[in-house]
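Observations on the three-dimensional arrangement
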Amino acid sequence: MFWLLATFAYLLGSLSFAILLSRLTGNPDPRMSGSGNAGATNMLRLVGKKLAVLTLLGDLCKGLLPVLIAAVAGLSLQEQAWIGVYAVIGHLFPIYFRFRGGKGVATAAGMLLGLYPPAALLAVCAWLLTFYLTRTSSLAALIATPLTLPLLAWQEPAALLPMSALTALIVWRHRGNLRDLFAGRERHF
């Protein structure tokens, strides 16, 4: 059951709502414009709030749904977390779009929402506060994601290893943003 759900999670995660919505509305591929990222932030920059919100909701749901299915199927919390990681890997490296996807933040938030809602709430609050203070989405993601690890270690230690691996993946996907942040070139809103 675990591997069947992991495969489902990866394939679902591979559905890039940014790319699909762009194609459906006749807009350019978000990987070719703006920041080059297939995610809600770049969609906001390129095509506005409506498609950005739809992208965000789609990306959240593809992290949430596999975790909820794994819970209903009776998988352990750690297995549920790994299933969520596979959904995020699908978002990062989508099989349907030549393995060029987004950065995984919204899909990871959906995964957290299914695993342990207080951790998702902490991440959202940290993201919103950081974004409000800095107007920098990448910095908000780089602060919010690791901030969940101490809470998980304390409350849901079974999810700590998968979430730590996921945090490392998200930081790695933001390596260009980190370079730009340190050089003072990162995009702001």
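Where an unreviewed UniProt entry is consulted, the protein chain appears under the name Glycerol-3-phosphate acyltransferase, with the organism given as Pseudomonas nunensis. Looking at the Sequence similarities (unreviewed entry) heading of the UniProt record, one finds this comment for the protein chain: "Belongs to the PlsY family." The Catalytic activity (unreviewed entry) field of the UniProt record for the protein chain holds the comment "an acyl phosphate + sn-glycerol 3-phosphate = a 1-acyl-sn-glycero-3-phosphate + phosphate".

Description of the overall build of the protein chain
Across its full length, the protein chain holds 10 helices and 0 strands. Traced from its N-terminal end to its C-terminal end, the protein chain shows the element sequence α-α-α-α-α-α-α-α-α-α. Expected size for 189 residues packed as a compact globule is a radius of gyration near 16 Å; at 16 Å, the protein chain falls within 12% of this value. Structurally, the protein chain occupies a C-alpha span of about 40 × 35 × 25 Å along its principal axes. Sorting the 189 residues of the protein chain into buried and exposed places 46% on the buried side. Across the protein chain, every contact between residues at least 6 apart in sequence was considered, and the portion connecting residues at least 24 apart equals 65%. As displayed, the protein chain has an accessible area near 9200 Å², and 70% of this comes from carbon and sulfur atoms. Positive and negative side-chain charges of the protein chain, numbering 15 and 6 respectively, have mean locations separated by a distance of 11 Å.

What to know about the UniProt feature "transmembrane region" (unreviewed entry) in the protein chain
The residues that UniProt annotates with the feature "transmembrane region" (unreviewed entry) are residues 6-24, 51-75, 81-99, 111-133 and 153-172. For residues 111-133, the end-to-end C-alpha separation is 26 Å, with 96% helix and 0% strand making up the annotated structure.

So, the pattern of salt bridges
Under the counting rule described, the total for this entry stands at 3 salt bridges. Of the charged contacts, one joins Lys62 and Asp59 as a salt bridge, the two residues approaching to 3.4 Å between their closest N and O atoms. Linking Lys62 with Asp59, this pair stays in helix H4 (residues 49-72), spanning 3 residues, or about one helical turn. Per residue, the accessibility class of Lys62 equals that of Asp59, and both read buried. For Arg185, the salt bridge is made with Asp180, and the minimal N-O distance between the two is 2.9 Å.

Thoughts on the packing of aromatic side chains
One pass over the full model with this rule turns up 6 aromatic pairs. Pairing Phe2 with Tyr86 gives two aromatic rings, centres 6.4 Å apart and planes at 75°, and the pair type is edge-to-face. Residue Phe2 is located in helix H1 (residues 2-13), and its partner Tyr86 is located in helix H5 (residues 77-92); the two are separated by 84 residues in the primary sequence. On the basis of relative accessible area, Phe2 is assigned to the buried category, the value being 18%. Considering the side-chain rings of Phe93 and Trp172, the 6.4 Å spacing of their centres and the 40° angle between planes classify their relative orientation as tilted. Note that Phe93 is positioned in the loop between H5 and helix H6 (105-115) and Trp172 in helix H9 (residues 160-173), a separation of 79 residues in sequence. The exposure class assigned to Phe93 is partly exposed, which follows from its relative accessible area of 25%. Chaining the aromatic ring pairs together yields one cluster made of Phe2, Trp3 and Tyr86. Lying over the aromatic face of Phe93, Arg173 brings its terminal NZ or CZ to 5.2 Å of the ring centre.

Here's the deal with H5
The terminal C-alpha atoms of H5, which comprises 16 residues, lie 23 Å apart, in line with the 22 Å expected from a rise of 1.5 Å per residue. Listed as buried for H5 are Leu77, Gln80, Ala81, Ile83, Gly84, Val85, Ala87, Val88, Gly90, His91 and Leu92. The inward-facing, buried residues of H5 contact H1, H4, H6 and H9.

Cut-offs and rules
- Residues numbered from 1 in each chain as written.
- Predicted model: local features only at pLDDT ≥ 70, side-chain atom pairs only at ≥ 80, totals over all residues.
- Heavy atoms only, no water.
- UniProt positions renumbered as here; feature names shortened; annotations may be inferred.
- Helix = DSSP H or I, 4+ residues; strand = E, 2+ residues; numbered from the N terminus.
- Rg over C-alpha atoms; globule rule 2.2 N^0.38 Å.
- Buried < 20%, exposed > 50% of the residue type's maximum accessible area, 1.4 Å probe, protein only.
- Contact = heavy atoms within 4.5 Å.
- Areas by Shrake-Rupley, 256 points an atom, 1.4 Å probe, with all protein chains shown as cover.
- Lys, Arg positive; Asp, Glu negative; His and termini not counted.
- Charge placed at Lys NZ, Arg CZ, Asp CG, Glu CD.
- Salt bridge = Lys/Arg side-chain N within 4 Å of Asp/Glu carboxyl O.
- Phe/Tyr/Trp six-rings, centres within 6.5 Å; stacked < 30°, edge-to-face > 60°.
- Lys NZ or Arg CZ within 6 Å of the ring centre and 35° of its normal.
- Expected span 1.5 Å × (residues − 1).

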